Amino acid sequence: MRQIEVKRDGWDVALAALQRPAMQADTGLEDTVRGIIRDVRLRGDVALLELGRKFDAPDLNALVVEPEDLDRAEAAVDPALADAIRVAAANIRAFHARQRENSWSFSSGGVTTGQLIRPLQRVGVYVPGGTALYPSTVLMTVIPAREAGVEEVVLCTPAQKDGSVSPAVLYAASIAGARLIIRAGGAQALAAMAFGTESVPRVDKVVGPGNLYVNIAKRLLYGHVDVDMLAGPSEVCVLADGSASARFVAADMLTQAEHDGDAAAFLITPSAALASAVQAAIERALVGQPRRAILERALLEHGALIVGETMAQCIDLANRCAPEHLALMVEDPWRLLPSIRSAGAILMGRYTPQALGDYIAGPSHCLPTAGTARFSSPLSVESFLKRTSVVDCSIEALRELAGHITAFARGEGFEAHAQGVEVRLEEPET
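(A) Highlighting the overall build of the chain. Of the regular secondary structure elements, the chain holds 18 helices and 14 strands. With respect to the three principal axes, the spread of C-alpha positions in the chain is 85 × 60 × 45 Å. Taken across its 430 residues, the chain has 49% of its residues classed as buried. A sequence separation of at least 24 residues applies to 75% of the contacts in the chain between residues at least 6 apart. Carbon and sulfur atoms make up 52% of the accessible area of the chain, which totals about 20400 Å².

Set out below in structure tokens:
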């Protein structure tokens, strides 16, 4: 991995190493995705089946997972994993139940204003397949939607080579509260949920992580349907002082780098000795890793060990990085916490591993990436709510405010706006 010392190499070099490109569309891929979206919009289920056979399962012959397959899923899941799914689901529900919001209103001077908060009626969840299975993503997306009050959740996930869906994914869907499961992956799945097909009902919003094709589809489909975020490859930034365990830091960096070769792992520390120890610890930990090729690519191409001159400078670098996961591997993480401005999730101290947040703790692991934590938030109950403003005015209050309203209206050149107020004051109440 690259080791960068701010004192030697400069601030700009260190900052550049931490910058992650946003999920941008390659022109060729964008044209391909546009074609997929158009095909699904025009031909519906026929296009979904053809694309599913091309990319996922050569003999795919059904899109909808039958209810009995959901009911049988638990028996086919390893008991330890099934138990973990149940524990995680309970924690995720408990966390997101605290995020529920209520409608509100208040009155002042004859005018009542308020906000009507309602859940979306139907949402679509995308759960990727490919090199790994993600029952955890099912829980982390479906449960917040259900806790928000969403009535119907449609879940799309690619079929396995034999045309089936992983029993673990199905069991997680059943536990979380998604009963309509569609065997569809990639951009075609998002198009189906955005426009609707014979088997896939049109949804109000699509959420869930995915590859570049999925993110391009989200960007192109926004406006036809709401989307959660354009989430790029996974990333972690460990902010550590000299008290940190090099083995623990290395473990946290490998945890996110394991996802895929485009994932990123950073260490920022004022301790050169720790940086060197982490480098050695990573090399030892790589031995025997089943996904070693993926890990090595991620660390070599997208990893960095950055040595700052002071902890204050290191904190500034971490905030500018605005990582998906920020691990505070310092002696007193709670004292440091107020200094952190931007991160998707913050893992506090030496005994809070990345995997705890990914699977069990409770907050959704669908987090902003590529520096977008500067302005965006994790998936939550709020992601599935819509807000409508409510205004109620008495005749007495309207008389009191009329002059101000008409001054604004005529000042902006909108005579009909002003007359819309004045006509109400001319007519007798009935």
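(B) The arrangement of the side chain of Q313 in detail. Mapped onto the elements of the fold, Q313 is located in helix α14 (residues 311-321). Among the polar contacts made by the side chain of Q313, one reaches the main-chain amide nitrogen of E309 at a distance of 2.7 Å. Other than its neighbours up to four places away in sequence, Q313 contacts V6, W11 and G308.

(C) Region of interest: the sheet that holds strand β6 (residues 180-183). Within the open sheet, the 5 strands sit side by side as β6-β5-β4-β7-β8. Their pairing is parallel. Across the chains shown, the open sheet's two edge strands, defined by having one partner strand only, are β6 and β8 (226-227). Bridge count between strand β7 (residues 205-207) and β8: 2 bridges; the pairing is parallel. Within β8, the position partnered with K205 by the bridge is D226.

(D) Up close: the sheet that holds strand β13 (residues 345-348). Within the open sheet, the 6 strands sit side by side as β1-β11-β10-β9-β12-β13. Their pairing is parallel. With partners counted over all chains shown, the strands left at the sheet margins are β1 (2-5) and β13, one partner each. The mean angle between the axes of side-by-side strands here comes to 15°, regardless of whether they run parallel or antiparallel. Most of the contacts of α14 go to strand β9 (residues 235-240), to which it runs at about 165°, and overall it touches β9, β10 (264-269), β11 (303-307) and β12 (325-329).

(E) Focus on the environment of G349. Residue position: G349 is located in the loop between β13 and α16 (354-360). Between the C-alpha atoms of G349 and P333, which are 16 residues apart in sequence, the distance is 5.9 Å. G349 has contacts with L328, M329 and P333, leaving out every residue within four places of it along the chain.

(F) Region of interest: the environment of G149. For G149, the location among the structural elements is in the loop between α7 (135-148) and β5 (152-157). Exposure remark for G149: the relative accessible area of 33% places this residue in the partly exposed category. Remark: the alpha-carbon pair of G149 and Q354, spanning 205 residues in sequence, is separated by 29 Å.

(G) Main features of helix α9 (residues 186-195). Burial analysis of α9 places 10 of its 10 residues in the buried class, which makes it a mostly covered element. Residues of α9 that are buried include every one of G186, A187, Q188, A189, L190, A191, A192, M193, A194 and F195, and no others. Note on α9: the residue one or two positions beyond its end, G196, has a positive phi of about 85°.

(H) Quick peek at the packing of aromatic side chains. Within the structure shown, the criterion is met by 2 aromatic pairs. A centroid spacing of 6.4 Å and a plane angle of 20° characterise the contact between W104 and F106, whose relative ring orientation is stacked. Each ring, one from F248 and one from Y351, has its centre 6.1 Å from the other, and the planes form 65°; the classification is edge-to-face. Residue F248 is located in helix α11 (residues 246-257), and its partner Y351 is located in the loop between β13 and α16; the two are separated by 103 residues in the primary sequence. Here F248 falls in the partly exposed class, since its relative accessible area comes to 27%.

(I) View of the nonpolar core. Ranked by internal contacts, the top residues of the largest apolar core, which has 40 residues, are V138, L139, V142, V153, L155, I181 and F384. Those elements giving two or more residues to this core turn out to be α5 (67-76), α6 (79-97), β4 (122-126), α7, β5 and α8 (167-176). Here this core gets 7 residues from one element, more than from any other, and that element is α7. Excluding anything up to four places from it in sequence, V142 contacts V125, V153, L155, A176, G177 and A178. Core analysis: the next-biggest nonpolar cluster, separate from the first, contains 36 residues, A184, L221, V225 and V227 among them.

Here is what the cut-offs are and how they apply
- Residues numbered from 1 in each chain as written.
- Predicted model: local features only at pLDDT ≥ 70, side-chain atom pairs only at ≥ 80, totals over all residues.
- Heavy atoms only, no water.
- Helix = DSSP H or I, 4+ residues; strand = E, 2+ residues; numbered from the N terminus.
- Buried < 20%, exposed > 50% of the residue type's maximum accessible area, 1.4 Å probe, protein only.
- Contact = heavy atoms within 4.5 Å.
- Areas by Shrake-Rupley, 256 points an atom, 1.4 Å probe, with all protein chains shown as cover.
- Polar contact = N/O pair within 3.5 Å; in protein donor to acceptor, adjacent residues only side chain to side chain.
- Pairing = 2+ DSSP bridges.
- Axes fitted to C-alpha atoms, helices over the stretch in contact; angles between N-to-C directions.
- Phe/Tyr/Trp six-rings, centres within 6.5 Å; stacked < 30°, edge-to-face > 60°.
- Core = buried A, V, L, I, M, F, W, Y, C linked by side-chain atoms within 4.5 Å.

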